[in-house]
Amino acid sequence: MRVITGDSVIHRQSREVGIVERHEGNSVVVRWPDRGQRETIPRNEVQALAEAMAEARQASTLFSTKLSLTGTSFLSDLVSRFGYSTGHMRSGSLDKVSAQLKRAGLKLDTEDDSKRRDARFWLTLLEFPEPEGGEPEPEDESIRLKQVSLPSPSWAQALGLAPHRELPLLRALPEQEPLLCILHLSDAAADTGWLQATWEALLSWAYRAAQRFVLRSSMDEDSRVRICSSAALQTYLSPTSIDESSSQLRTAPRSINLVTVRRDAELPNDFERLKAGWPGALFEFFPPEDSAELERSRALVERLLYLLGGMTQQDAKKSSSSRMSPLRLAIWARESSEQLLASGSTYVGEVFSRRGLSKLRGSTEGETALALKSLLAHWLTDQDPDVKLEFEVSDGRGSGEDRRIDLVVEDQGHFEVESMRGSGPMEHFIHQKVLARRRDKPFTLVVPNEALLWAGPYLADIAFQLSEQKGRVLIPGAEQVWMQLEGVRLADSALDVEPPDAVATEDFSTEQGRAPSTEPLKLKDIAGYAELRQRIEEQVIWPERHSRWLRGLSRSPGILFFGPPGCGKSRMAKAIAGELDQEVRLLAPSDLRGEYIGWGQIRVREQFNWLAERDRRMLVIDEFDAIARTRRDGQMHSDEKTTVNELLVQLDKVSRLGRIVVATTNDVDALDDAVLRTGRFGSFVPVGPPDQDAAADILDFYLKRFERMSREQPQLQVSIPSRESLLPLLGPVMSANASESGAFSGSDMEAAVNQVVTNQVRVALGGGRSMAGPAVIPVLIRADAVVRALADGPRSIRPEALASFEEEKARYCRR
């Protein structure tokens, strides 16, 4: 049973019940009602609760000691087990439970058909439960129609594309800008032998099919596919006078580059520069490394390829017991989809002769539409030889708005046949070719199979919208069987354009077996600096959260964090955005500069325009003194002065809108006086070196982080010192900060912890010698070792920098 959003699931080990809120690749986000928490876990760790109940009924076993499925428990017990509230049991909750049970092959019965919370219930096995894979049995085998669903997640996600990048990829495929797709292949994934070749085959096929959507020509020369090695990335960054066309990336319009790199080994050092400078869209694929996850990915790709070839996976299993490799299956699918259309061409004469039709083809249609129409007509007449078919029928809307309906079928409504060639862009196609042509009769959209490869989610959304009026989306199948696509609604934000900062930061590699953290940074996540955190809470967070009570008061937009390097200024600036739950852009000086005169002003204006466009946004500008340094400097270029002038104007603009700009600097005196004046930057937050208490908190934070991460390795048994044991040992070391040797920064303390932990793990592993799977690896970290490593390490904050900080603190903070 395919788990969809809203289904109740049971954890296979803990047996805890939760509700699926969304899918993220091979994982699901589950809300646990009993705990009131959300968690992202692998899909294979949970099972649909209704499916588990169906298995218990089929095996005639006891499902639970607290819940009977055969007539001794109450409806409220069942609804509660599915995770819904039963204080005032709603009929909607019961309907959701009943729908899930039905999909699993169970019928919910109660005494007297009652829906009372105290009514007893029992579950009856249906004769035809839904098969595994989420594909319902045909509604009526006599009409030779199968309902099918797209694999979830999609093939692109199954091969490692981030879930939120799927729709941007589909949008980019029909466009003319050059594309760059990179497969980060690990050693484990490379061992499968099928992944890279299948990835290249699917992307090449999807790209060529999508390009035909905007170009009427079907020639592959219209879209160019280049498969390169990792050396092409370096050649693009450092071009040579030797023209090796076979190893160069294509940057011409309507071209796609497919590059495979060994993960963390073959990327150029300045890969980030390539990503920033690439003229089109760039997509990175990070396939799973776990063998079980790779097998699930292969199964998802296999399901899609069977659909592209006109068969369901169940049909394929009936016809052959052997399993083809995904690459061979991709070749079969492409040939089969073309063969289906070719078979349609052979029916053209038969359709004309049997029905006496005078017209079948529109004035601008190609061979694909013609083949689909003849296939459709043959299928309809094969079901009912007396069915009345009318091609190219005017919809009767009058002159100027007259549209032709491809096919009108008596008692079945209107059929619109789309070859998906020359029909772009997608939004225009959906509204003008589909939704605008709906009438009061059922509407059926007919498309070729390969459209599922690059437009599947859009077609599933069309099927969802058409289903409200008994409409559908059909694709041809094998052996005169057609397939009806199951409707799935796109997310509300699916057609929104992504902001540039999101596109620039979304593709990244994560540690093996760990998903990237999506939790925003909060003040509580910052170790130490209790007094400073309280000050930020009072002076920044509280006024922003209670701005409705402060209307009429003029508030400066700027918040300036200043202090020596390495003390956490940037981290605290990010924590403000997390506390206020605002969309944030993190800017470096290079983001507000340009190599040509005038670019600085343009980039400053663009960033502040983004800030002004929408509420609940903020900018964080690091190393602010590189952008807003004083104009009194005689060595300052006139273009730099103009950039500072533009910055002043933009600060005044966002001040009127109530937006926030957070900046960090190591040198306040280097900033222009006009930037610092009240009304532009009204809050000055000093971030100095940590004191003894803060140092203990910081060391304790990094030690606990290592201990927490080590739990993912069952062999490691880590023992760390407590904060209380660190605090007295830090006294003599921290007092030395007052001498001429300098002061410790937070980064110095992190480095000390890293050094001690590395040394102790090396000792525990036997001095670096290979150990064949030790059962237990004890890692003991002592407090004195941590403090000694700190004392022996560098003090990053020089005495003169500390003295300058104290002077600036006294001048700008009056304390």
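Our structure's up above, just so we're on the same page.
Caption draft 1: Molecular detail of the packing of helix 24 (residues 723–735) against helix 26 (residues 783–792). Closest axis-to-axis distance for the helix 24/helix 26 pair is 9 Å, and the angle between their directions is 25°. In terms of their interaxial angle, helix 24 and helix 26 are classed as roughly parallel. Helix 24 and helix 26 meet at a crossing whose hand is right-handed. Listed contacts from helix 26 to Ser-725, Leu-726, Leu-729, Leu-730 and Val-733 of helix 24 are Ala-783, Asp-784, Val-786, Val-787, Leu-790 and Ala-791.

Caption draft 2: Structural view of the packing of aromatic side chains. Following the criterion strictly, the structure yields seven aromatic pairs and no others. With centroids separated by 5.9 Å and ring planes inclined at 50°, the aromatic side chains of Phe-562 and Phe-805 adopt a geometry described as tilted. Placement of the pair is Phe-562 in strand 20 (residues 558–562) and Phe-805 in helix 27 (residues 799–813), with a sequence separation of 243 residues. A single burial state applies to Phe-562 and to Phe-805, both of which are buried.

Caption draft 3: Looking closely at the sheet that holds strand 22 (residues 617–621). Strands sit in the order 21-22-23-20-24 across an open sheet of five strands; the sheet is parallel. For this open sheet the edge positions go to strand 21 (583–587) and strand 24 (681–686), each flanked by a neighbour on one side alone. This sheet shows a mean twist of 20° between the axes of neighbouring strands, independent of strand direction. Here strand 20 pairs with strand 24 via five bridges, running parallel.

Caption draft 4: Structural view of the pairing of strand 9 (residues 145–148). Neither face of strand 9 is exposed, since Leu-145 and Gln-147 on one face and Lys-146 and Val-148 on the opposite face are all buried. Note that strand 9 and strand 19 (residues 482–485) share four bridges and pair parallel. Bridge pairing in strand 19 links Leu-145 to Trp-482.

Caption draft 5: Looking closely at the side chain of Arg-254. Mapped onto the secondary structure, Arg-254 falls in the loop between helix 8 (231–237) and strand 12 (255–262). There is no salt bridge for the buried Arg-254, and the closest opposite charge comes from Glu-175, which lies 7.0 Å off by N-O distance. A polar contact of 3.0 Å, which involves the side chain of Arg-254, links it to the side chain of Gln-211.

Caption draft 6: Region of the structure containing the pattern of salt bridges. For the coordinates displayed, the defined rule picks out 19 salt bridges. Members of the salt-bridge network, linked through shared partners, are Glu-21, Arg-31 and Arg-38.

Reading the values: the criteria
- Residues numbered from 1 in each chain as written.
- Predicted model: local features only at pLDDT ≥ 70, side-chain atom pairs only at ≥ 80, totals over all residues.
- Heavy atoms only, no water.
- Axes fitted to C-alpha atoms, helices over the stretch in contact; angles between N-to-C directions.
- Helix = DSSP H or I, 4+ residues; strand = E, 2+ residues; numbered from the N terminus.
- Parallel < 35°, antiparallel > 145°, perpendicular 65-115°, else oblique.
- Left-handed = near helix turned anticlockwise from the far one by under 90°.
- Contact = heavy atoms within 4.5 Å.
- Phe/Tyr/Trp six-rings, centres within 6.5 Å; stacked < 30°, edge-to-face > 60°.
- Buried < 20%, exposed > 50% of the residue type's maximum accessible area, 1.4 Å probe, protein only.
- Pairing = 2+ DSSP bridges.
- Lys, Arg positive; Asp, Glu negative; His and termini not counted.
- Salt bridge = Lys/Arg side-chain N within 4 Å of Asp/Glu carboxyl O.
- Polar contact = N/O pair within 3.5 Å; in protein donor to acceptor, adjacent residues only side chain to side chain.

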